[in-house]
Each structure stands twice: as structure tokens, then as C-alpha cells.
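Now for the letters of each chain:
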Amino acid sequence: MKKTILWLIITIFILSLTLIGSGCKEEVTPTEEVTEEVTEEEAEEGEEEEEEEIVEMTEPVTITFWHTYTVETTEYETLKNELIPKFETENPNIKVNEVQNPPDDFHTKLITAIAGEEVPDIARVDIIWVPELAQLGALAAINENASFSSIADGVFPGPLSTCKWGDNYFGLPLSTNTQVIFWNKSMFEEVGINNPPTNWDEFATACKELTNQGTSWGYLYGDTTGWSLLPWILSGGGRLTDENITTASGYINGEKSVSAIQFIVDLATEGYIVDYTTSGVGVGDGYVAKQFGMFFGGPWWFSIIGGQYPDAEINTALFPSGDGGSITVTGGEDLIIFEKSQNKEAAYKFMEFMLSEETQLTMAETGQLPVLSVIAESDFIKNHPYYPIFLEQLKTAQARTPHPGWQKMDDALSLGIQEAISGQKSVQEAMDEVADKVNSIIEEYK
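Here the structure is a predicted model, which is why all the values come from computation and not from measurement.

Draft legend 1. The arrangement of unusual backbone geometry in detail. Even without being glycine, Glu-117 reaches a positive phi, approximately 55°. Mapping Glu-117 onto the fold places it in the loop between helix 4 (103-115) and strand 3 (122-126). The backbone of Thr-401 shows a phi angle near 30°, a positive value even though the residue is not glycine. By the secondary structure assignment, Thr-401 is in the loop between helix 18 (387-394) and helix 19 (406-421).

Structure, rendered in C-alpha cells:
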């Protein structure tokens, strides 16, 4: 009995030492039931904490949207007073802070913002800037988003191609435009031509018939930039570079490109076509005054000419087809999301909204040419006085070489064509030099 008591005392003593060594932590075996009495007050406090967490999770996100819509225009008023409120109603947890920027300074502001890492979440930018900004690493690729493919499938190919750089898409087209032929029906009828030219032979013939040396020309072109003359190169089957933009050799100085440029150079040197600067005649004034039978222009000329000359008859036609077809180049704006944005998901939702059929149609009513091909089938477009011709031309329009060095390439091309028209160099010599310059520019960005 005494031995039993002694062993019990020793056992208790050892257990006590063990508990002290473990920090006196009390272990609970699985078979023990632990209950904790919670007062009503503590329960209410817990509920309040849970509610606070929920409120914090659903707190609205504000995205900043930079754009260049001109204040006091129908486009801007519709964006500000109709579309953004509608988006915020449909997405109550997302607010949009729209910031208007002057167009002339916008590119500089973007580059400065990127350098200082103080960018907006989303922006509307000129289509020719997207490759440049993507190459800088400033933009977020969006082609992995679930809805991207379905949206992209409904966008005109030309505008969509302006958003691609490398293997990714860094935006979506928001608005677009292109140019078509404006022809003076009265002038045509006076020389016995009843219809606008549909091919290059007919175009050349019309230019010669419509020209009265010294007083009128067959065709007025803006300048020698890609915006004005690349359509001739593309429609003639030529290109500035290969499809992957790795070289210009054999393309801008290849047979088809040289032949297309020679076509324009011949008409210019013979006095049948003239550029805006040489003519000294305003586009709208000259068109109405019958000083040139045709010019190449965008949809904005309807409001410009119509505003100056309300009774003027304005007629348009598709760009005349060459060996490569009837191909013009695209203009317009793209929506982009910045890589440094902390609200990419919310920004993409706004992008989806701006690319919806309803939004695109709403903006079309303000004068913004839509990018969705399905809109072309709407009653509004079909009954519109001039949208159909531009949307038809957009089906084959192409981007102006989407590359971060495009502006340098454009300058080289413009100078080369000027030198050919002035007779300083043959077309082949000029384009050989352009190819070398473009190749050097491509190398800069590798």
C-alpha cells in the first residue's frame, strides 16, 4: 500500500514537471467536448465585424478613363451624361472618372505618365500609338480574357489589327474611319462620264478628261504620307514590309509597290492630279467650285462641306480596284488598359461595355463610325446618308503597318515619294532607299 502511494506521488510530480516544461499548455483529447459560452453582446459584435468585412469587399472601385473627346460635342455629352451613368448603373461597384485631354498634347502626356508610373486604368488612343506603347511594356495584354475572342470576331479586321503587337492584343478598337473617293457628278457629266471609276484604268481616264491644265485637275490628294498614298500601294498588290514586319526589302521596293507608285507619279508629273499644297485650293471650296473632279476623304467631309455649302451635292464611291483589290487604310481610336493599373478587371468590364452593340449604335448616332460589323446591318446604318459606303470600304481596309516605329517609316516613305514625283530620283531608286531606311528602323526595335 505504501509502495503504491509512493509511486502515485512520483507520477504526479513527473507530470507536473512536464506541464511546466511545455508552457503549461493544456491539451484536450479528441474525446473531450469543449464548450464556450458566448454572450448575446459578443454575438452581436461578431455579426458587426462580419458585416464590416462584407462592406469592405463590395466597396466601389473607381477607374480613370483618359480620352480626347472634344468638350461640348455630341460625342462627349453622350459619353458623359448617358453612357457612363448607364455603365455605373449596370455595374454598381465600378465608378468611372473620365478625364478629357487636348488631342495635340495627348501623346506627350501618355509617355510622361508611363515614365512616371502614374497612368490611368484605361484610355482611348490613336490606333497608330498602340504598338509603340505595347513595345514600351506599358500595356496589358487582353486576349486571355474570356470574352475577347467573341468580341474580336465581330470587329472589322482592319481596325482589330491595329491592336496587335507580337503575339498579343493590347486593346480593342473603339471607333474607326477610312477614306473613299468623293466625286463631282456634275463635272463628270460635263465630260461625258456618268459613273465614278471602279478600277485604275477608269480612274486614269477620268483624271485626264476632267483636267483643264491650269484651272482644274482630275484628282486632289492630301500629301505623300501613308494615310494618302499607302492605299494605292496596297490596292496595287504591294506592301511596305512583309506580314511579320521583319523586312522591307522586296516589298516597298518590289515590282508591285514600285508599279503602283509609278502610276501616281506619272499622273502627278503630267498634271492630271495634284496635292493639296500645290493646288492652293481648299478641299471643300475646290470640290464645289469644280476645280477638281475627285478627292480622297473621310466621313468628316460631309459635315465640313455641308456646313459651308448646304446645297452642295456630295457623291462618294469605293476606292478604285487595282491588282490587289480596293484597299484603303484605317484610322480611328483604340481602347487600351495599362499594365500598372490596379483595376484591370473593372477596366476590362468598361471596355466590354463600350464594345457592346447598344453602345456602339448609340455612339454611331453622334457621328462615331462603329467598329462592329453587325452594326452595318442595322436600320440606322442602312438608312444613314453616308455611313454605308465607309463601312463597306472598311471590310477590306488595312492598318498602316502596326509597328512602334511607324512614324519614322511613314516619314521615310513620304520623302521617297516626294523625291520621285519631283524627279530627283526614279521610283525604283527612291523606294530602294526607303527599304533601307525601314529596315534600319525595324532593327532599332528588335
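Next comes the rest of the account.
Draft legend 2. How the structure looks around the confidence of the model for the protein chain. Counting all residues, the mean pLDDT for the protein chain is 88, and 87% of those residues have values of 70 or more. Across residues 1-45, confidence stays below pLDDT 50; counting only partners more than four residues off in sequence or on other chains, it has six contacts. Every residue in residues 47-57 scores below 50 in pLDDT, and together they form zero contacts with partners more than four places removed in sequence or on other chains.

Draft legend 3. Representation of the pairing of strand 8 (residues 217-221) within the structure. Extensive coverage of strand 8 is indicated by the burial of five of its five residues. Of the pairings in the sheet, the one linking strand 8 to strand 9 (residues 273-275) comprises three bridges and is parallel in character. Counterpart to Tyr-219 in the pairing with strand 9 is Ile-273.

Draft legend 4. Main features of empty space enclosed by the protein. Applying the stated rule across the entire model yields one cavity of 30 Å³ or more. What the largest cavity holds in volume is close to 50 Å³. Residue classes in the lining of the largest cavity are distributed as five nonpolar, one polar and one charged.

Draft legend 5. Expanded view of the side chain of Thr-178. By secondary structure assignment, the location of Thr-178 is in the loop between strand 6 (172-177) and strand 7 (180-183). Within the local environment of Thr-178, its side chain forms a polar contact with the side chain of Thr-328, the two groups lying 2.7 Å apart. If near-sequence neighbours (up to four positions away) are discounted, Thr-178 is found in contact with Trp-227, Gly-297, Gly-298, Pro-299, Thr-328, Val-329, Phe-390, Gln-393, Leu-394 and Ala-397.

Draft legend 6. The arrangement of helix 11 (residues 255-269) in detail. In a regular helix each residue adds 1.5 Å, so 15 residues correspond to 21 Å; helix 11 covers 20 Å between its end C-alpha atoms and thus fits that length. Within the sequence span of helix 11, burial applies to Ser-257, Val-258, Ala-260, Ile-261, Phe-263, Ile-264, Val-265, Leu-267 and Ala-268. Looking at the packing, one finds that the buried side of helix 11 touches helix 9 (200-210), strand 8, helix 10 (226-235), strand 9, helix 19 and helix 20 (427-444). Downstream of helix 11 by one or two residues, Gly-271 has phi in the positive range, about 85°.

Draft legend 7. Layout of the nonpolar core. Membership of the largest hydrophobic core comes to 60 residues, with the highest contact counts inside it found for Phe-182, Phe-295, Phe-350, Met-354 and Leu-355. The element contributing the most residues to this core is helix 15 (residues 344-354), with seven residues. In this view, Leu-355 contacts Ile-151, Val-155, Leu-172, Pro-173, Leu-335, Gln-360, Val-371 and Leu-372; residues no more than four positions away in its chain are not counted.

Reading the values: rules and limits
- Residues numbered from 1 in each chain as written.
- Predicted model: local features only at pLDDT ≥ 70, side-chain atom pairs only at ≥ 80, totals over all residues.
- Heavy atoms only, no water.
- Helix = DSSP H or I, 4+ residues; strand = E, 2+ residues; numbered from the N terminus.
- pLDDT = per-residue confidence, 0-100.
- Contact = heavy atoms within 4.5 Å.
- Buried < 20%, exposed > 50% of the residue type's maximum accessible area, 1.4 Å probe, protein only.
- Pairing = 2+ DSSP bridges.
- 1 Å grid on protein atoms, 1.4 Å probe; cavity = no way out; pocket = protein on both sides within 12 Å on 5 of 7 lines; lining within 4 Å.
- Points joined across faces, edges and corners; volume = space filled by probe spheres on them.
- Nonpolar A, V, L, I, M, F, W, Y, C, P; charged D, E, K, R; others polar.
- Polar contact = N/O pair within 3.5 Å; in protein donor to acceptor, adjacent residues only side chain to side chain.
- Expected span 1.5 Å × (residues − 1).
- Core = buried A, V, L, I, M, F, W, Y, C linked by side-chain atoms within 4.5 Å.

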